[in-house]
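Next come the chains, spelled out residue by residue.
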Amino acid sequence: METKTKFNEIFELLRNKQIYFFDLDGTLYLEDLLFDGILSLINKLKSFQKKICFLSNNSSISTKEYILKLEQLGLVTDFENIILSTHPTIQYLKEKKIKKIYLLGTKSLQSEFIEKGFEITDKDPEIIVLGFDKELTYEKLVKASYFLQDNLPYIATHPDKVCPTKRGYIPDAGAIISLLNEATGKRPKIFGKPNKEMLLFKLRELKISPKDAVIVGDRLYTDIKMGKEAGVTTICVLSGETSREMIEKSEIKPDIILNKATDLINIIK
Ligand SMILES: [Mg+2]
């Protein structure tokens, strides 16, 4: 009986939310494989006039390419409802009036920085910016190490240690941060999830209170931590890297646990 009442409370809570933020990798898809039922879920939420926003820390491709990727999966979106870790990073650089950057990032990411008016250089850069560099070379690491020893300011788009793929996990920006930390003792200032600003700047823009928002994600130390710090209802899905045992052991407790994002269809119907 008690469980039933609690369930009804959760149904009511989620039905009344105005905006749903969704993590991508591990929550809605794995690489190019959209999980079953995701399009029905998104359409259902839209039919209830819920705003949808996609969030990713993955800075290995530019925003333009990200939107193309989402379109190919059928998740039609535009610049307004996608938030990438690259965005607060660029905002920070603009606020600090920094122009010349040494970038550990892919050509795709480079193109976004250049488009936004930055100069990518290894000659007297003002700052080191580390992204999810899937084109990393030893030469780039050597240059970064030298600049770190020169005490150059150092920032990173996001802290994720690994990125899920169909075959298994691959090293992400956090792993590259650790490598450089081993070599130089330096750690960057980090943007992206779990930085609560990833959610709060969008909520301010839309004039929606955090209590009217939900974040759905698969990772405790980024998605769920950020949601809790922003005062947003948190849903942890078990379709990615987190298991029930990990939640039991963690200090970061989501408000709701679902096996997969599409379980929401039955809750909000
Ligand atoms: Mg994820």
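Residues numbered from 1 in each chain as written. Predicted model: local features only at pLDDT ≥ 70, side-chain atom pairs only at ≥ 80, totals over all residues. Heavy atoms only, no water.

## Structural notes on helix α9 (residues 220–230)
Next up, step 1: Taken residue by residue, α9 has Leu220, Thr222, Asp223, Ile224, Met226, Gly227 and Ala230 as its buried positions.
Next up, step 2: Of the surrounding secondary structure, the elements contacted by the buried residues of α9 are β1 (19–23), β4 (51–56), α8 (197–206), β13 (213–217), β14 (233–237) and α10 (244–249).
Next up, step 3: Following α9 by one or two positions, Gly231 has its phi on the positive side, about 80 degrees. (Buried < 20%, exposed > 50% of the residue type's maximum accessible area, 1.4 Å probe, protein only. Helix = DSSP H or I, 4+ residues; strand = E, 2+ residues; numbered from the N terminus. Contact = heavy atoms within 4.5 Å.)

## Focus: the sheet that holds strand β15 (residues 256–258)
Next up, step 1: Pairing is parallel in the open sheet, where six strands are placed in the order β5-β4-β1-β13-β14-β15. Two strands bound the open sheet, and with one partner strand each, they are β5 (82–84) and β15. Shown here is a sheet whose adjacent strand axes are inclined to one another by a mean of 20 degrees, direction ignored.
Next up, step 2: Note that β4 and β5 share three bridges and pair parallel. When the sheet's bridge partners are listed, Ser56 is paired in β5 with Leu84.
Next up, step 3: Sitting on the sheet, α9 touches β1, β4, β13 and β14, and the angle it makes with β14 is about 160 degrees. (Pairing = 2+ DSSP bridges. Axes fitted to C-alpha atoms, helices over the stretch in contact; angles between N-to-C directions.)

## What to know about the coordination of the magnesium ion
Coordination angles at a metal have ideal targets, namely 109.5 degrees for four tetrahedral donors and 90 or 180 degrees for six octahedral donors.
Next up, step 1: At 2.1 to 2.2 Å from the magnesium ion lie its protein donor atoms, namely Asp23 (OD), Asp25 (O) and Asp218 (OD).
Next up, step 2: Residue classification places Asp23 among the buried residues on the basis of a relative accessible area of 5%. (Donors = N, O, S within 2.8 Å, 3.2 Å for Na, K, Ca; no water.)

## Observations regarding the environment of Ile268
Next up, step 1: Position of Ile268 relative to the elements: it lies in helix α11 (residues 264–268).
Next up, step 2: Residues Ile268 and Phe22, spaced 246 residues apart in sequence, show a C-alpha to C-alpha distance of 16 Å.
Next up, step 3: Other than its neighbours up to four places away in sequence, Ile268 contacts Leu14, Arg15, Tyr20, Lys44, Leu45 and Phe48.

## Considerations on the domain arrangement of the protein
Next up, step 1: Split by domain assignment, the protein resolves into domain 1 (2–57 + 193–268) and domain 2 (87–190).
Next up, step 2: The straight-line distance from the C-alpha centre of domain 1 to that of domain 2 is 28 Å.
Next up, step 3: Contacts between the two partners involve 15 residues from domain 1 and, on the opposite side, twelve residues from domain 2.
Next up, step 4: Summed over both partners, the interface of domain 1 with domain 2 buries about 1200 Å², with 55% contributed by carbon and sulfur atoms. (Domains from an automatic or database assignment. Buried area = accessible area lost by both parts, 1.4 Å probe.)

## Some points on the nonpolar core
Next up, step 1: Ranked by size, the top nonpolar core spans 33 residues in total, and within it Leu14 and Phe22 carry the most contacts.
Next up, step 2: Ignoring any residue separated from it by four or fewer positions in sequence, one finds Leu14 in contact with Tyr20, Val214, Thr233, Ile235, Ile256, Leu264, Ile267 and Ile268. (Core = buried A, V, L, I, M, F, W, Y, C linked by side-chain atoms within 4.5 Å.)

## Looking at the sheet that holds strand β6 (residues 100–104)
Next up, step 1: Pairing is parallel across the open sheet formed by five strands, whose spatial order is β7-β6-β8-β9-β12. Only two strands of the sheet have a single partner each, and these edge strands are β7 (119–120) and β12 (189–190).
Next up, step 2: Packed on one face of the sheet, helix α5 (residues 107–115) meets β6, β7 and β8 (127–130) and runs near 165 degrees to β6.
Next up, step 3: Each of β6, β8, β9 (154–156) and β12 touches helix α7 (residues 173–184); the most contacted strand, β8, lies at about 135 degrees to it.

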